[in-house]
Amino acid sequence: MGALSGVDRAYVFERRPGDRLDNTHEWCGDGVAPMMDVLQDMPMDIIAPWRDGFERGEILHVPSMDDFDLDPDLRELMAMQGILGLLLVPLQWDGSIVGFVGFDRVKFASPFPPEVIRILIATAGAVGTILARAAANREIIYTRTELEKAVHQLSHQVMHDDLTGAPNRRAFHLAIEDALRRGQQFGAETCVAMIDLVRFKSINEKYGHVEGDRLLRQIVQRWRGIEMNGAEFFRIGGDEFAVVLVDPHAEQAIKTLIAKMRLTLGEPFTLQGQGARVDMRVGTTFAPHDGVTADVLAANADLALLTSKAEREEARQYSPDLRRKALQRHETAQELLAARPDRDFVLLYQPIVDLRTGAIVKVEVLLRWQNPTRGLLEPSQFMDVLCGLEHSRKVGRWVLETACRQVAEWNRRYSLDLIVCVNAFPLQIVTSDYVHELKNILQRSGLPHHCLEIEITENIAWQEGSHHLTVLKELSELSVAVSLDDFGTGFASLNSLIELDVQTLKIDKGFVIGLQRHDPRIEVLKAIRHMTKGLGILSVVEGVESREAFAIVRDIGFDFGQGYYWSHPTSPAVLAEMLGEEYLTAIKCR
């Protein structure tokens, strides 16, 4: 149990007649001096500071001896053993202390993790049973089969997940170490794969955690029926699993195994009489070329999984480039966290034009970051990182308030009914007070509700859980329109258009840039227009840069256009000039 727990020393002290204590069993890690021969016939007084707690069955957890109040003699005894931190669990029988079991740290002081505490408590239960029998019979009875059974049961509990019975995170790390040894011995590759279930959070929300737990057990049961060919799978927490295998052709072997595991998820699971589907995303890494330690391989596979989830791929293999990008993202995140919205960010505005009249009917507000060392940065250089930070809520609130105030002022100055389109950050939409905050901003700015349109990306449309759907429904009830941005290039489905209740669809610029007559993309654009018209959804074509593209999308029948043909994103002062009567007249005649 000491080796399993990663501690430096493990031991048993038994109480002898005359209130004496003997160290009867001891295990020491590499480089740790044994103490069993020294610690014999010790007076019970050595546990005096915590004897009352022991009699109540309490454990003693001392992360650092420096922070523990001890008399000089006892501190000297601890120092002699080199103890920097310790964990003790009493052994009791018939209301009396019959000994204790303990773990020591002698290389460094740190708190003992909860799972290590559970291991020692379970060990105390097994040892206490044996000592109780010895005390009752006045002799030491070590029944080998009973001891082996107790150790086997304890090891299984420590190494397996309570819910599914699958090997757990602790077993996973030990399996990687064993796989590395075997791989080195036989000249084979070791593969570590991290697996995350897709849509599990939504299932938990819809059916509840009891059914979610049942689903996890069903998944593990299906995977147990797969021919693993020496590979092992583990549940390492929540809806996260892992696989470890050793094979001379590990890359092909893991692809075959993952395909089998994915296939078992193809058949719907029955929850509360309804069919529920889940899928999986995977990150893989290989030893020895990606790393030669368990910690490095687990971290690499986890990074590959995170990339797979972020880019919505079924699987991603680790490469050093992923680590480099992760470090860049970390540096960018640190700079963003230090950025003040009203000082370090800039808002630009781009007009959205009615394709039939040429009039500016909307403006989209676009965020730029004035980085202190890299200058003015485009969204592609920082937005992905900002979207994952809590700081995005603060930035998003500033963007919304500034844009609403600006457009309300333009509407008053020019007697317009201009609509401002503001992108929402994913973490804003899942905030419980987002709608309340938005209403307060509209009230303070004086902008009517129908003059605000919230743009969402597929990151929001596809995020797990249902809270964002509730928020979007509340926005529609407030007469605040919702538009889905960059449609046609990612994963947004026709079903998501209905489920999200969007009022406007923004067609990605990839369909329009360089568009000419007889371009095959025209047929796709016609199909999109037919769909939006049938659904009663307004359409905005992004990326219109030429007169020919403008004429094509206008003739197809799209509602609005946006792009360099009319204007680049520009400052509030320049856009104010564009809203003047002279410019409006000119653009209508274009």
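Numbering of residues begins from 1 in every chain and follows the order in which that chain's sequence is written. This being a predicted model, a pLDDT of at least 70 is required before a residue's local features are given, and a value of 80 or more before pairs of side-chain atoms are given or counted; all residues contribute to the totals for chains, interfaces and linings. With hydrogens and water excluded, all non-hydrogen atoms of the structure serve as input to the side-chain values.

Draft legend 1. Representation of the nonpolar core. For this analysis, a nonpolar core means a set of buried residues of the types Ala, Val, Leu, Ile, Met, Phe, Trp, Tyr and Cys, connected via side-chain atoms within 4.5 Å. Type-normalised accessible area, obtained with a 1.4 Å probe on protein chains alone, sets the label of each residue: buried when under 20%, exposed when over 50%, and partly exposed for intermediate values. Counting residues in each nonpolar core, the largest one holds 79 residues, and the members touching the most others are L367, L438, L452 and I454. In terms of residues, this core owes the most to one element, helix α14 (residues 391–414), which gives 9 residues. Among residues more than four places away in sequence, those in contact with L367 are F345, V346, L347, P379, F382, M383, L386, V395, W398, V399 and F425. Secondary structure counts use DSSP, requiring at least four H or I residues in a row for a helix and at least two E residues in a row for a strand, with both numbered from the N terminus. A contact between two residues is defined here by any heavy atoms of the two lying within 4.5 Å.

Draft legend 2. Summary view of empty space enclosed by the protein. Method remark: on a 1 Å grid restricted to protein atoms, a set of points is classed as a cavity if a 1.4 Å probe fits but cannot get out and as a pocket if it is open with protein on both sides within 12 Å along at least five of seven lines; lining residues have an atom within 4 Å of a point. Grid points are joined across faces, edges and corners, and a volume is the space filled by probe spheres set on the points. A complete count under the given rule lists 1 cavity of 30 Å³ or more for this structure. Here the largest cavity is characterised by a volume of approximately 160 Å³. For the lining of the largest cavity, the secondary structure elements donating two or more residues are β1 (9–16), α3 (72–80) and β5 (85–93). For the lining of the largest cavity, the element with the most residues is α3, which contributes 3 residues. Only Asp, Glu, Lys and Arg are considered charged, only Ala, Val, Leu, Ile, Met, Phe, Trp, Tyr, Cys and Pro nonpolar, and every remaining residue, Gly among them, polar. When the residues that make up the lining of the largest cavity are grouped by side-chain class, the tally is 14 nonpolar, 1 polar and no charged.

Draft legend 3. Up close: the environment of S64. Its location among the elements puts S64 in the loop between β4 (60–62) and α3. Classification of S64 by relative accessible area gives buried; the value is 18%. Residues S64 and P111, spaced 47 residues apart in sequence, show a C-alpha to C-alpha distance of 7.6 Å. Discounting residues that sit within four places of it in the chain, S64 has contacts with L84 and A109.

Draft legend 4. Just the packing of aromatic side chains, in detail. Each aromatic pair joins two rings of Phe, Tyr and Trp (for Trp, the six-membered one) with centres within 6.5 Å, and gets the label stacked for planes under 30 degrees apart, edge-to-face for over 60, and tilted for any other angle. Under the criterion given, the structure shown has 14 aromatic pairs. Relative to F100, the ring of F54 lies with its centre 5.9 Å away and its plane at 50°, an arrangement referred to as tilted. Placement of the pair is F54 in helix α2 (residues 51–55) and F100 in strand β6 (residues 96–105), with a sequence separation of 46 residues. Judged by centre distance (6.4 Å) and plane angle (50°), the rings of F345 and F382 are tilted. Of this pair, F345 sits in strand β14 (residues 345–354) while F382 sits in the loop between β16 (375–377) and α13 (383–387); the two residues are 37 residues apart in sequence, bridging distant segments of the chain. The residues F345 and F382 share a single accessibility class, namely buried. Here a set of aromatic residues connected by ring pairs shows up, and it is made of Y11, F13, F54 and F100. Two limits define a charge over a ring: the Lys NZ or Arg CZ must be within 6 Å of the ring centre, and within 35 degrees of the ring normal. Looking at R105, its charged tip hangs above the ring of F112, at a distance of 4.4 Å from the centre. Taking the ring centre of F269 as reference, the NZ or CZ of R222 above it sits at 3.6 Å.

Keep in mind these numbers describe shape, not what the thing actually does.
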